[in-house]
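Listed below, chain by chain, are the residues.
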Amino acid sequence: KTWFKEVTIRKLLKLWSTKNAQGAIFHLNSPAAAVQIREITKDLNFEDIKNFRLGFVATDLNTGELVTLSMGSINRAFKASVAVPGLLEPVVWGNKLLVDGGLVNIVPTQAVKEMGADIVIGVNLAATKFIYEKRMPIWRGYRFMTRMLGLQFLRERIIPKLFSTRMLFRFDSQSDALDQEDIKVPGVMSILSRALDHSFRVEEQWDESFIACDLMIEPVVKHYGKADFDSVDKIYQEGRRATLAALPQ
């Protein structure tokens, strides 16, 4: 709470680095980011948390599935859970390529139920159900242009027949192979294309029961911008007001 009340856009951007970013414009692997994250998480693993259950959600970019991270490094899970496709680089975890869970579910109450909760309280802060929505003109235009120009067909059908897998990877992202299951991070345009495909598919199949919970608290904060740090205290107070109003229920 203290950190957020003192944060500014300049302070936040100091944590983001473009150096050697893979599959996105920025990453959170800078020394400054490592210090800030470590101050909060103490470099703990999920297994070190004894008095309550903790899990972060992310989306597997390869399958479009929501993944609950509840083992291993909390730092790494945090980076995966906030990796907005195209903006912050995805995280390789086992054989998965992980990005922000909001790509397919902005209030992941089902994940909490699956972790064993008897009563689930959701908090909906988002102005939309998904990071990307079909009604956003910029993404409609992007998809139209890639398909009209044949870029997606070229990347997925033609190039693999002409080049080896390693050469294809070099063409697409100019990155080195990553760890564990030799998962490779695609280029930014490929990441965005996959993310949009998953987001639009989920939107078409969306059912309100996906975020069904015993109680949903919805603070009136959707009119604030995502970088409106001058209003953090107002947002915090509105969260308290909405929660106190929900106490009888």
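Residues numbered from 1 in each chain as written. Predicted model: local features only at pLDDT ≥ 70, side-chain atom pairs only at ≥ 80, totals over all residues. Heavy atoms only, no water.

Novice: What exactly am I supposed to notice about helix H3 (residues 31-41) here?
Specialist: Within an α-helix, residues lying three or four positions from one another point in the same direction, as the helix has 3.6 residues per turn. All buried positions along H3 are accounted for by Ala33, Gln36, Ile37 and Thr41. With its buried residues spanning 120 degrees around the axis, H3 presents them on a single face. Directly beyond the C-terminal end of H3, a positive phi value near 60 degrees is found at Lys42. (Buried < 20%, exposed > 50% of the residue type's maximum accessible area, 1.4 Å probe, protein only. Helix = DSSP H or I, 4+ residues; strand = E, 2+ residues; numbered from the N terminus. Arc of directions from axis to C-beta.)

Novice: Looking at this structure, I do not really get the pairing of strand S3 (residues 65-69). What am I missing?
Specialist: Regular strands place their side chains on alternate faces of the sheet. Examined bridge by bridge, strand S2 (residues 56-60) and S3 share five bridges and lie antiparallel to one another. Along S3, the bridge assignment pairs Thr59 with Leu66. If you look at the hairpin formed by S2 and S3, you'll find four residues sitting between the two strands, and Gly64 has a positive phi there, around 80 degrees. (Pairing = 2+ DSSP bridges.)

Novice: Help me understand the side chain of Asn75 in this model?
Specialist: Inspection of the secondary structure puts Asn75 in helix H4 (residues 74-81). Using a relative accessible area of 14% as the deciding quantity, one classes Asn75 as buried. Other than its neighbours up to four places away in sequence, Asn75 contacts Ile37, Thr41 and Asp43. (Contact = heavy atoms within 4.5 Å.)

Novice: Is there a simple way to think about the sheet that holds strand S6 (residues 96-100) in this case?
Specialist: In any sheet, the strands associate via hydrogen bonds between backbone groups, in a parallel or an antiparallel arrangement. Read across the sheet, four strands follow the order S3-S2-S6-S5 without closing on themselves; strand pairing throughout is antiparallel. Where the open sheet ends on each side, the last strands, each with one partner, are S3 and strand S5 (91-93). The mean inter-strand angle of the sheet, taken between neighbouring strand axes irrespective of direction, is 45 degrees. (Axes fitted to C-alpha atoms, helices over the stretch in contact; angles between N-to-C directions.)

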